[in-house]
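The chain contents come next:
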Amino acid sequence: MVNRQPNQIPRNVLRLRAGEVVERPDVVAAEEPLEVRLQWQSDAGLNQKSIAVTMRTPGDDFELAAGFLFSEGIIDGRNDVADVAYCLDADIDEDQRQNIVTVTLTPGLQFDMSRLDRNFYTTSSCGVCGKATLEALEIQG
């Protein structure tokens, strides 16, 4: 049996040694999409917007989302974040809820709304990144 961490997936692999093929268990890094949602209070009420999808190995998702917002200039630091949470939407499949992170900004925080007018580009060389929602990843056809 192979020891594995929660962010690893067990797989059987074929090994070729000295001309002999042997199948054995191994583990590979898990990779799943992460949708980042931004939530903030305005005069019109509570607003929420999906702003990016990136591929990642699950784990440290809250830090990844906050760091992304910091690197894009939406927040200036930890005091700009009131809460970070996984999705609780009843209409989202339970197995996908941990692939969606909502970052709630501190009430009264002013930020440049024009930074939300574009799709952020994030990459892991898989071709699905840059989408704004997990639903946008569905392939037509």
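For the structure, see preceding data.
Structural notes, computed from the coordinates. (Residues numbered from 1 in each chain as written. Predicted model: local features only at pLDDT ≥ 70, side-chain atom pairs only at ≥ 80, totals over all residues. Heavy atoms only, no water.)

The periodicity of an α-helix, 3.6 residues per turn, causes residues three or four positions apart to be oriented the same way. Among all positions of helix α1 (residues 61–71), only Asp61, Ala65, Phe68 and Leu69 are buried. The buried residues of α1 occupy an angular sector of 95° when the element is viewed end-on, so they sit on one face. Seen from the open side of α1, the exposed residues pointing more than 90 degrees away from its buried face are Glu63 and Ser71. On its buried side, α1 packs onto β3 (32–42), β4 (45–56), β5 (81–86) and β6 (100–105). Remark: Gly73 follows α1 within two positions and exhibits a positive phi of approximately 80°. (Buried < 20%, exposed > 50% of the residue type's maximum accessible area, 1.4 Å probe, protein only. Helix = DSSP H or I, 4+ residues; strand = E, 2+ residues; numbered from the N terminus. Arc of directions from axis to C-beta. Contact = heavy atoms within 4.5 Å.)

This part is about a negative patch on the surface. Taken together, the side chains of Glu32, Asp93, Glu94 and Asp95 present a region of like negative charge at the surface. Looking at where Glu94 falls in the secondary structure, it is placed in the loop between β5 and β6. Overall, the relative accessible area of 65% leaves Glu94 in the exposed class. (Patch = residues over 30% accessible without salt bridge, like charges linked within 9 Å, V, L, I, M, F, W, Y side chains within 5 Å. Areas by Shrake-Rupley, 256 points an atom, 1.4 Å probe, with all protein chains shown as cover. Salt bridge = Lys/Arg side-chain N within 4 Å of Asp/Glu carboxyl O. Lys, Arg positive; Asp, Glu negative; His and termini not counted. Charge placed at Lys NZ, Arg CZ, Asp CG, Glu CD.)

Side-chain direction in a regular strand flips from residue to residue, so the side chains alternate between the two faces of the sheet. Here β3 lies mainly inside the structure; eight of its 11 residues are buried. Across 11 bridges, β3 lies against β4 in antiparallel orientation. Bridging across to β4, Glu32 finds its partner in Arg56. Note that β3 and β6 share five bridges and pair parallel. Looking at β6, one finds that Gln39 is bridged to Thr104. (Pairing = 2+ DSSP bridges.)

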